[in-house]
Each structure stands twice: as C-alpha cells, then as structure tokens.
Amino acid sequence: VILAIAAFLFFMLMINFLFEVLYAEGKEKLTEKKFKLKYGTLCEGLHVRNSIAKYYNMLILFRGVLLAFLVTFFEDWPLVQTLPLVIYELGLIYCLFQRVNFENRALTRINQNKEVMILLGILVIICINIKDQSLEYYDRLGWIALGLFLGAFLIELLYIFGIQIIALKQGIVKLKVYISNVKKVLNESGKGKGKKQKIKEKP
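Note that the structure is a prediction, hence the values are computed from the model and not measured.

> So what exactly am I meant to see when it comes to the pattern of salt bridges here?
Proximity of charged atoms lets side chains of opposite charge pair with each other. Throughout the structure, instances matching the rule amount to five salt bridges. Glu115 is paired through a salt bridge with Lys114; the nearest N and O atoms lie 3.3 Å apart. Since its relative accessible area comes to 0%, Glu115 is described here as buried. Using a relative accessible area of 5% as the deciding quantity, one classes Lys114 as buried. Linking Lys114 and Glu156 is a salt bridge whose minimum nitrogen-to-oxygen distance equals 2.6 Å. With Lys114 in helix H6 (residues 105-128) and Glu156 in helix H7 (residues 135-201), the pair connects residues that are 42 residues apart, well separated along the chain. For Glu156, a relative accessible area of 25% translates into the label partly exposed. Members of the salt-bridge network, linked through shared partners, are Arg63, Glu89, Lys114, Glu115 and Glu156.

Analysis parameters
- Residues numbered from 1 in each chain as written.
- Predicted model: local features only at pLDDT ≥ 70, side-chain atom pairs only at ≥ 80, totals over all residues.
- Heavy atoms only, no water.
- Salt bridge = Lys/Arg side-chain N within 4 Å of Asp/Glu carboxyl O.
- Buried < 20%, exposed > 50% of the residue type's maximum accessible area, 1.4 Å probe, protein only.
- Helix = DSSP H or I, 4+ residues; strand = E, 2+ residues; numbered from the N terminus.

Given below as structure tokens:
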C-alpha cells in the first residue's frame, strides 16, 4: 500500500507534465518534427483531427492505473473491482469508434477489436462472481475470459509490430530518397570536374 501511494504521487506529477505538453500544443505543432522527436510516442500513429485523439495513449495509461488501484485497495470486493473497469472501457470504446482514428485503417480495426475483447473479458469475470453455480460453469467462464484476454494481448502485440513495420517502411523510403539525392550530387560534381578538365586541356 505504501509503494502504491508513492507510485500514485509520482504518477500525478508525471501526468500533470504530460497533459500540459499535450494541452499546450495545437494540432499543427503535434505534427512538427521537433515535437515528434521529444514527445512523438504520445501521439504515435494517431490522427489528431479531434482534440481527444491526442489523449488516447494517456487514456490507455489511466486504465492500467485504475486496474492497479482497484486490485490494491478493493481486493475483497470483486464487483467493485470490475464495474468501474466496465464503465471506463465503455467510454474508451466510444472514443475509439467515434473520436479516435489511426493513420492506418488496419491499426484502427486492431485497436477496436482489442478493446471490445477486453470489455467482453471483464463482463465474463462479472458473471464468474455469481454465487452458487456449478464448478463446470466457473471453469467454462474462466477459460472464456482467459481466451478473450489472451486474444487482446496478441492483438496488442500485432498492433506494436504493425507500428514498427510502418515506421520501418517510412525509414526505408527516406533512406532511398537520401541515397538518390547523394548519387545526384556526386554525379553532378563528377560532371563539373570533367568540364573543368576539358577547359584546362583546350589551351
């Protein structure tokens, strides 16, 4: 509990700083190279047309903090642990379907499916809290919940790899452009030297 309180205080300081950064910067500055170099991971892969879109990764962070808080302080009340997560997840899914878009449509679908699976997993856990049921009932629901969360985890991995592949493709394109520009400069300088030598040979 002491460690959780200390972590919460540190978290509040960090969140205050990050929200100030995102709130102060407009949509145009979020796409500038200077901002991307410093704070690019805050809005990585996101379209920032809607103001709430730039806070999407922060909302994901808050969900993890909410889960840690509920597990730490409400261990003996399973429904108190799960109901706030359901409410939060419903709000997150609404934002994801209505307000948040990624630069790649596939990434948008991946995140939508992931969040829906997490919500379904939490609802299954709520059903597990129903008392006086058969062991087979709890066993089946446990496996269903495990499958949903495992699927969401695998989708999250797919999302991370997707972002890295997109970044790698962009890097390769930039590298090709850079190499072609260097070749042009070298060719032009070579032609310039040849012309100078011919001019010197003529007298």
